[in-house]
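Inside the fold
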Amino acid sequence: MVLGITTVALLIAALPAIWLGSKWNRALSNVDKMIVPTVTLPTATPGAQAAGASSPAGAAPTAEPMPTAIPEPEGVSNILLVGTDARPGENVSRTDTLVLVHLDSHSNRVGMLSFPRDLWVNIPGFAQNRINTAYLLGETKLGKGYGPALLKQTVGDLTGLRIDRFMLINFEGFRAVIDKLGGIYVDVPKTIDDPAYPTDDYRTIKIHFDPGRQLMDGDRALIYARTRHADSDFGRNQRQQQVLMAIFDRVREQGLLSQLTSLDDYTDVLSNYIRTDISRGEMLGLASVGTRLHPEDIQRFAIDAKMVTPRTQPAYVLLLKDQKALRRLVSQMIDPSVASAGGEEPAR
């Protein structure tokens, strides 16, 4: 899901006005509710063998390790956006969406890289497993607050990048923010029919989207971003990034920076659903990028079907075929001059 991205788009656009607005005390209080302490993973993760999953039939050994992460220069940040599939009553769950955002304030660029949720990776201290289990393992095996830390380390080891911060949001928060924006306009590229879309109460329903530009409320946008039975997780990754851009466009066209009196309402909505380790000061730094950002400054990438091999036994997972291709894709996200790595750059 594109849940975490929603918050970044809104907060980056809104933060300067929050600090200047007449109701800034309330807005800052709402922002503080979103911020959680940063935790450090233990050197030796306990319970690794018990919690880890054995390799699926036919799985190759762990791919060659990525190089040690090199500190990024000042003004460059890597933020992991996390959407969880927690249903009502659940305190912790697997992650439904993972998007790595690379922000470069010097060149005023943003790169986004989406990961399939079934990607088979090494989780530090927990052997190999799907990437969408890292957060759950951290929270349930190490303790409350360790889920983001373990997920950040997992993605950092996979990409060779230092993961600075995270931002997490659930389904309910996604719906609330989209509805607060008055919906978003999405240009659906083709007919979508999903006969078994999962609902919050663990049932399935049939869903349908006609092609063409249309206004979606929070419920409809959530379904569009989550559905995958009509094609695949790769198509879903494209839709998630498309929804992000629609949110970004909606924030800009509504001129939130000039609507100071309404911004505290947005932070009030966000504070109930967002958790992040981005500090107030760091948010101001992100805001300096957001105010200068245009849609053409945002580049979108994804691990695509050509880069993985599916395995169905004993369970469905995606094995990364070529670690070097991922390295090239990450390099391309960081530096546009790098030749194409073969990863997917979804159409706008």
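Just so we're clear, the structure is a prediction, and the values are computed from it rather than from any experiment.

Ile184, Phe209, Tyr224 and Ile247 are the most contacted members of the largest nonpolar core, which has 43 residues in total. The contacts of Phe209, once residues within four sequence positions are left out, are Val188, Lys190, Thr191, Ile192, Gln214, Met216, Arg220, Ile223 and Tyr224.

Below, the discussion takes up the environment of Pro336. The residue Pro336 is located in the segment after α11 (323-334) in this model. Judged by relative accessible area, Pro336 falls into the partly exposed class, the value being 44%. The spacing of Pro336 and Arg109 is 227 residues in sequence and 9.7 Å in space, taken between C-alpha atoms. Excluding its chain neighbours within four sequence positions, the residues that come into contact with Pro336 are Arg109 and Gln299.

What follows deals with the sheet that holds strand β2 (residues 95-104). If you trace the six strands from one edge of the open sheet to the other, you get β11-β6-β1-β2-β3-β12, paired in mixed fashion. Every interior strand has two partners, whereas the edge strands, β11 (275-276) and β12 (298-302), have only one. Pairing of strand β1 (residues 76-84) with β2 involves nine bridges; the strand directions are antiparallel. Within the sheet, the bridge partner assigned to Ser77 lies in β2 and is Leu103.

On to the confidence of the model for the protein. Predicted coordinates in areas of low pLDDT are best not read in detail. With 72% of its residues at a pLDDT of 70 or more, the protein has an overall mean of 77. Within the protein, the element-level pLDDT minimum falls on helix α3 (residues 48-51), averaging 41, and the maximum on strand β10 (residues 212-216), averaging 97. Note on residues 1-7: pLDDT under 50 across the span, and 36 contacts to partners over four residues away in sequence or across chains. Low pLDDT (under 50) marks residues 45-71, which in the prediction has 55 contacts with non-local residues, meaning those over four places away or in another chain.

Another aspect to go through is the packing of aromatic side chains. The full count for this structure, using the stated rule, is one aromatic pair. Between Phe209 and Tyr224, the ring centres sit 5.3 Å apart and the planes meet at 70 degrees, which makes this aromatic pair edge-to-face. Residue Phe209 is located in strand β9 (residues 204-209), and its partner Tyr224 is located in helix α7 (residues 218-226); the two are separated by 15 residues in the primary sequence. Residue classification places Tyr224 among the buried positions, given a relative accessible area of 0%. Cation over ring: Arg220 sits above Phe209, and NZ or CZ is 3.7 Å from the ring centre.

Quick notes on the rules
- Sequence order as written defines residue numbering, which begins from 1 separately in each chain.
- Only residues with pLDDT of at least 70 get local features here, since the model is predicted, and only at 80 or more are side-chain atom pairs given and counted; chain-wide, interface and lining totals rely on the full set of residues.
- Note: side-chain values were computed over all heavy atoms of the structure, leaving out hydrogens and water.
- Buried Ala, Val, Leu, Ile, Met, Phe, Trp, Tyr and Cys residues form a nonpolar core when they are joined through side-chain atoms within 4.5 Å.
- Burial classes follow relative accessibility: with a 1.4 Å probe on protein chains only, a residue under 20% of its type's maximum area counts as buried, one over 50% as exposed, and anything between as partly exposed.
- Two residues qualify as a contact provided that any one of their heavy atoms is within 4.5 Å of a heavy atom in the partner residue.
- Segments assigned H or I by DSSP are reported as helices when at least four residues long, segments assigned E as strands when at least two residues long, and all are numbered from the N terminus.
- Only strands that DSSP links by at least two bridges are regarded as paired with each other.
- Values of pLDDT, the confidence the predictor places in each residue, fall between 0 and 100.
- Between the rings of Phe, Tyr and Trp (Trp by its six-membered ring), a pair exists once the centres lie within 6.5 Å; its type follows the angle of the planes, with under 30 degrees stacked, over 60 edge-to-face, and the other angles tilted.
- The rule is short: NZ of Lys or CZ of Arg within 6 Å of the ring centre and within 35 degrees of the ring normal puts a charge over the ring.

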